[in-house]
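One-letter residues, chain by chain:
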Amino acid sequence: MQDLHTWSVTAMRSEPGLEWLEDRKEDWTPLLASKLKFLHDGFAFIVICDDERSWFSEYIIKKINSSTNSRPLLPFFSLRSLYRGGVNSLEDALLLNDMLSLAFANGFIYFYIGNGTHPLAKIAKSHEDSYLWLIDERLQNSFYMSESDPSLDLKLIQLFKILDKSIDAVLFDEVVL
């Protein structure tokens, strides 16, 4: 059984076009490992994307539990499917956190992908264990990407593919976290 870092480097090298991620493996792998522990412990992932990447939220939800996977269904949910209300203040975010704590007794984390200044980012930032792929904002314990990168959408899909493969590796005991 390999550690996640070694496994990730091998997985990145097997996928064409992931040289950019291999160069950033020290940013990617520890963050990924810390979040996969939550999934392994039965936490739900609440997916949130800013308006420009709402397509990506739908992509994640559709792909994570597709019929082509040979694994159990995973607890990934779109925030928009769970809550249509607005979050305009820290108090609103705390109330949402309380509601989700009741709904997901094993726990939950936010998985936010988008611009760090978007109002929806406040929700994820209100919860200390959130998994953040931030665009144009650097924050500790997040993965940074740039809006000006012409390959941003492709890179998001590549990151998801590596995340998905990593989930398989964890669930099927191919790696140690």
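Structure's up top.
A short tour of the structure in this document, coming up.

Criteria and thresholds
- Residues numbered from 1 in each chain as written.
- Predicted model: local features only at pLDDT ≥ 70, side-chain atom pairs only at ≥ 80, totals over all residues.
- Heavy atoms only, no water.
- Phe/Tyr/Trp six-rings, centres within 6.5 Å; stacked < 30°, edge-to-face > 60°.
- Helix = DSSP H or I, 4+ residues; strand = E, 2+ residues; numbered from the N terminus.
- Buried < 20%, exposed > 50% of the residue type's maximum accessible area, 1.4 Å probe, protein only.
- Lys NZ or Arg CZ within 6 Å of the ring centre and 35° of its normal.
- Polar contact = N/O pair within 3.5 Å; in protein donor to acceptor, adjacent residues only side chain to side chain.
- Core = buried A, V, L, I, M, F, W, Y, C linked by side-chain atoms within 4.5 Å.
- Contact = heavy atoms within 4.5 Å.
- Salt bridge = Lys/Arg side-chain N within 4 Å of Asp/Glu carboxyl O.

Before going further, it helps to spend a moment on the packing of aromatic side chains. Throughout the structure, instances matching the rule amount to 13 aromatic pairs. Here phenylalanine 77 and phenylalanine 104 contribute two aromatic rings whose centre-to-centre distance is 5.2 Å and whose plane-to-plane angle is 35 degrees, an arrangement assigned as tilted. Of this pair, phenylalanine 77 sits in strand β3 (residues 76-78) while phenylalanine 104 is found in the loop between α6 (90-103) and β4 (108-115), placing the two residues 27 residues apart along the sequence. Classification of phenylalanine 77 as partly exposed rests on a relative accessible area of 30%. Accessibility expressed as a relative area gives 16% for phenylalanine 104, which makes it buried. Geometrically, the ring pair formed by phenylalanine 111 and tryptophan 133 is edge-to-face, given 4.9 Å between the ring centres and 80 degrees between the ring planes. Placement of the pair is phenylalanine 111 in strand β4 and tryptophan 133 in strand β5 (residues 131-135), with a sequence separation of 22 residues. Both residues of the pair, phenylalanine 111 and tryptophan 133, belong to the buried class. Site record: aromatic cluster; members linked through ring pairs are Trp28, Trp55, Phe56, Tyr59, Phe111, Tyr131, Trp133, Phe143 and Phe160. Its guanidinium or amino end placed over the ring of phenylalanine 143, arginine 24 lies 4.1 Å from that ring's centre, counting from NZ or CZ. The lysine or arginine in question, arginine 138, covers the ring of tyrosine 144, its NZ or CZ lying 3.8 Å from the ring centre.

To continue, consider the side chain of serine 142. Here serine 142 shows up in strand β6 (residues 142-145). Within the local environment of serine 142, its side chain forms a polar contact with the backbone oxygen of leucine 139, the two atoms lying 2.5 Å apart.

Trp28, Phe76, Phe111, Tyr131 and Trp133 are the most contacted members of the largest nonpolar core, which totals 42 residues. Take this core: its biggest share by element is 9 residues, from helix α8 (residues 152-171). For tryptophan 133, the residues in contact, after removing those within four places along its chain, are Trp28, Phe56, Phe111, Tyr112, Ile113, Gly114, Phe143, Leu156, Leu159, Phe160 and Leu163. Leu79, Ala93, Ile123 and Leu134 belong to the second-largest nonpolar core, a separate cluster that totals 18 residues.

A few words now on the side chain of lysine 155. Mapped onto the elements, lysine 155 comes out in helix α8. Given the relative accessible area of 16%, lysine 155 is considered buried. Not counting the four nearest positions on each side in its chain, lysine 155 is found in contact with Trp20, Met145 and Asp149.

In this section: the pattern of salt bridges. A complete count under the given rule lists 10 salt bridges for this structure. Put simply, aspartate 27 and arginine 24 hold a salt bridge, and the shortest N to O gap is 3.5 Å. Between aspartate 50 and arginine 53 there is a salt bridge, with the nearest N and O atoms lying 2.9 Å from each other. Note on accessibility: aspartate 50 and arginine 53 belong to one class, buried. When salt bridges with common partners are traced through the structure, they connect Asp50, Arg53 and Glu147 into a single cluster.

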